[in-house]
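# Coordinate analysis (summary)
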Amino acid sequence: MSEPTRGRIHRAWRRIYRSVFRIGWPRTRQQRLAAMLSSLALHVHPTRVRVHVLRFSSTLGLGLVAFYLFLILIVTGLALMLYYVPHPDAAYRSMKDIQFAVTFGMFLRNTHRWAAHGMVAVVFLHMCRVFFTGSYKRPREFNWVVGVLLLLLTLALSFTGYLLPWDQLAFWAITVGTSIVAYFPLVGEPARYLLLGGHEIGQAALLRFYVLHCVILPLLMASLIALHFWRVVKDGGLAAPPGRMRRAPAWPHLLFRELLILVFVLVLVHAAALAFDAPLEQIADAARTPNPAKAPWYFLGLQELVHYGAILGGVVVPTAMIIALLVLPYVDRRGGGVGVWFARERRRANTVFALLAVVVVVLTVIGTFFRGPNWDWVWPWLR
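Being a predicted model, the structure only gives us computed values, none of them experimental.

About the thresholds
- All residue numbers refer to positions counted from 1 along the written sequence of the respective chain.
- Restriction of local features to residues with pLDDT of at least 70 applies here, the model being predicted, together with a cutoff of 80 or more for giving and counting side-chain atom pairs; totals for whole chains, interfaces and linings are based on all residues.
- No hydrogens and no water enter the side-chain calculation; it runs on all heavy atoms of the structure.
- Both site types are read off a 1 Å grid over the protein atoms alone. A 1.4 Å probe that fits but cannot get out defines a cavity, while an open set with protein on both sides within 12 Å along at least five of seven lines defines a pocket; lining residues have an atom within 4 Å of a point.
- Grid points are joined across faces, edges and corners, and a volume is the space filled by probe spheres set on the points.
- By definition, any uninterrupted DSSP run of H or I lasting at least four residues is a helix, any uninterrupted run of E lasting at least two residues is a strand, and each is numbered from the N terminus.
- As a working rule, the residues Ala, Val, Leu, Ile, Met, Phe, Trp, Tyr, Cys and Pro are called nonpolar, Asp, Glu, Lys and Arg charged, and the rest polar, with Gly in that last group.
- For the purposes of this section, nonpolar cores are sets of buried Ala, Val, Leu, Ile, Met, Phe, Trp, Tyr and Cys residues that join through side-chain atoms within 4.5 Å.
- To sort residues, take the accessible area from a 1.4 Å probe on protein chains only and compare it with the maximum for the residue type: under 20% means buried, over 50% means exposed, and anything in between is partly exposed.
- Contacts: residue pairs with any heavy atoms within 4.5 Å of one another.
- Axis definition: a line fitted to C-alpha atoms, limited for helices to the stretch in contact. Angles are taken between N-to-C directions and run from 0 to 180 degrees.
- We call Phe, Tyr and Trp rings a pair once their centres come within 6.5 Å, taking the six-membered ring for Trp, and we label the pair stacked below 30 degrees between planes, edge-to-face above 60, and tilted otherwise.

### So, empty space enclosed by the protein
This structure, assessed with the given rule, holds two cavities of 30 Å³ or more. Reported here for the largest cavity is a volume of approximately 40 Å³. Arg 109, Arg 113, Tyr 162, Pro 165, Asp 167, Leu 169, Ala 170 and Pro 279 are the residues that line the largest cavity. Mapped by element, the contributors of at least two residues to the lining of the largest cavity are α7 (105-132) and α9 (168-181). For the lining of the largest cavity, the per-class residue count stands at five nonpolar, no polar and three charged. Considering only enclosed or pocket space, the second largest cavity measures out at about 30 Å³ in volume. Looking at the lining of the second largest cavity, the elements with two or more residues in it are α3 (51-54) and α4 (56-59). Class assignment for the residues of the lining of the second largest cavity results in two nonpolar, six polar and one charged.

### Brief notes about the nonpolar core
Judged by nonpolar contacts, the single largest core of 38 residues is most densely connected at Leu 69, Met 119, Phe 131, Trp 144, Met 221 and Val 265. Only α5 (62-81), α7, α8 (141-162), α11 (203-234), α12 (250-275), α14 (310-331) and α15 (347-369) provide two or more residues apiece to this core. Looking at this core element by element, the count peaks at 10 residues for α7. Excluding its chain neighbours within four sequence positions, the residues that come into contact with Trp 144 are Met 127, Val 130, Phe 131, Tyr 136, Leu 325, Leu 328 and Pro 329. Of all hydrophobic cores here, the second largest spans 31 residues; its members include Trp 166, Phe 209, Tyr 210 and Ala 295.

### Section: the packing of α9 against helix α10 (residues 188-196)
Viewed as axis vectors pointing N to C, α9 and α10 meet at an angle of 145 degrees, and their least axial separation amounts to 8 Å. Contacts from Thr 178, Ser 179 and Val 181 of α9 reach α10 at Gly 188, Ala 191, Arg 192, Leu 195 and Leu 196.

### Focus: the packing of aromatic side chains
Ring pairs (aromatic) are described by centroid distance and by the angle formed between their planes. Under the defined criterion, the tally for this structure stands at 21 aromatic pairs. Ring plane angle 80 degrees and centroid distance 6.0 Å describe the contact between Phe 131 and Phe 132, whose orientation is recorded as edge-to-face. This pair shows no difference in class: Phe 131 is buried, exactly as Phe 132 is. Ring centres 5.7 Å apart and planes at 40 degrees place the aromatic pair Trp 341 and Phe 342 in the tilted group.

Written out as structure tokens, the structure reads:
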């Protein structure tokens, strides 16, 4: 190939490359800032971030972990949809096919399930981190509200997906969960009927849960996540203590840390998928009631409260907690302690929130391990 021809090919390739990547590989500080602004994937980042929030101890990377788990759920969920049939006569059989007939099907299902459970726990921990660092204060009040809605959506996503295997565990967990919904005065029974498409769990319920889990709730979740990220940028980035205003370019400092967290999440989720198989019991049977019938693990604390009082535990307490979380940033107007773990100025608020978080965890542990037949107390090591 002659030199002029080689030069023309090189110029043509460079023109094509530049039409896609306006900046190219950034080498100077100015090019790094321009790359952040011109990239579809990176423009949601600020061009510069405070050095304080680059430290792992500042945020623990929990928001990013939750987002990566959501992406894993989207990818694995789309793959599982290719084999799953949302009908009572075929749902359980398709789950069996995924486990034993589909190449890497068991690994795929394990990855999806453990990522779903992990996302519930991580979003809860992320909310605790935001509170304990005072990062919900002005000007981030609305983003805290968006975060509360994301927590509720995460629970709803996991709950609707729980029924899809159509085994005994899923059937009776959803039976208990929807029964708790019915405790709400006036709207409880109509809401349960609307959710199930009838008075009992059947074909209509499975189809509705499938559509909610695979279409409606993921679209709502993706929209709120985009809004959440956008507000982080518009609110001045992640919260940092006053006086720590020194900034660094997001490329490469922030992007390198995000890549490390992504690798960590992938390794952890895949290790869990290889080590632990997702449970699949016998096919759902409305005539065989397990004793005890338990809700999904993240609602077992609520089921434990219902055991002490249906209206108080199933309606008053959860409703009051959700309302309190939504109005919290607008009620707590005291300044100080923003971006600092367990700041002295917020000692009382941190103590109250920590006690409530501990109560939620303790009730969940009790419902998971210490309740046996007829919801009697049992010691797990004596079973």
